[in-house]
Amino acid sequence: MWYGDGVRFDLLPVTRAMWRRKGRRLLLHTPGKNVRVAVCGALRYPNGPFLFSHGPKSVDTDLFLALLDKLLRRARRTGRRIILVLDNGGCFTSHRASHALEAARQWVTPIFLPKYTSESLNWIEGFWGHTKDTFFSRMLTKKRDSFYAEAVSRLHQLSQPGALRTLLRPARRTPERT
């Protein structure tokens, strides 16, 4: 079973949690104008592989069709059908996407989640959040123009065999000392 969804990574920092001295403002330096990387990805439960397509603006049907092509090639190569869980995003339900999914039904079976369901039903949502919190929150680029290439490079690192096992492994809790 594969889970698919789209996400966007931004150059401008989004603070998730930060420490600061009480009573002091925390200033974050930004590069000015934002740079985006839109990603349409699919992840096989529970620990990979991870396939994705990317573009410069937002997740759209073209990105999904590129991802679907990669999934089709994988299914044909391995000889195994893919069950793909998707939400009801516009890029997955457009006319072009519907026709492409219909043409690919021999190898890819889509399962659409009910409308207005919790994001917790689509397993890849947690993966995106974890990736943003850990993998991309520490990503610094020296030049604004290099963000897109470096973000795509990081995504390619995630698509390497075995890369997700360490990323998705739950953190070990150390016992508290008393």
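All of the points below concern the structure found in this document.

Rules and cut-offs
Residues numbered from 1 in each chain as written. Predicted model: local features only at pLDDT ≥ 70, side-chain atom pairs only at ≥ 80, totals over all residues. Heavy atoms only, no water. Axes fitted to C-alpha atoms, helices over the stretch in contact; angles between N-to-C directions. Helix = DSSP H or I, 4+ residues; strand = E, 2+ residues; numbered from the N terminus. Parallel < 35°, antiparallel > 145°, perpendicular 65-115°, else oblique. Contact = heavy atoms within 4.5 Å. Nonpolar A, V, L, I, M, F, W, Y, C, P; charged D, E, K, R; others polar. Salt bridge = Lys/Arg side-chain N within 4 Å of Asp/Glu carboxyl O. Buried < 20%, exposed > 50% of the residue type's maximum accessible area, 1.4 Å probe, protein only. Core = buried A, V, L, I, M, F, W, Y, C linked by side-chain atoms within 4.5 Å.

The next point concerns the packing of helix α1 (residues 61-78) against helix α3 (residues 95-103). One way to put it is that α1 packs onto α3 with a least axis distance of 9 Å and a crossing angle of 10°. Judged by the angle between their axes, α1 and α3 are roughly parallel. Note on element contacts: α3 touches α1 through R96, A97, A100 and L101, opposite T61, D62, F64, L65 and L68. In terms of residue class, the contact of α1 with α3 is made up of six nonpolar, one polar and two charged.

For the structure shown, the criterion picks out five salt bridges. Across the pair R8 and D10 runs a salt bridge whose closest N-O atoms are separated by 3.2 Å. A relative accessible area of 34% places R8 in the partly exposed class. Judged by its relative accessible area of 26%, D10 falls in the partly exposed class. Taking the shortest distance from any N to any O, the salt bridge between D62 and R96 comes out at 2.2 Å. Residue D62 is located in helix α1, and its partner R96 is located in helix α3; the two are separated by 34 residues in the primary sequence. Exposure remark for D62: the relative accessible area of 46% places this residue in the partly exposed category. Sharing partners across several salt bridges, the network here consists of R8, D10 and R36.

Formed by 22 residues in total, the largest nonpolar core has its most connected members in F9, V39, F50, F127, W128 and L155. Of all the elements in the fold, those that place two or more residues in this core are β1 (2-10), β2 (36-44), β3 (50-55), α4 (123-136) and α5 (147-158). Beyond its immediate chain neighbours, meaning those up to four positions away, W128 contacts D5, G6, V7, F9, V39, G41 and F50.

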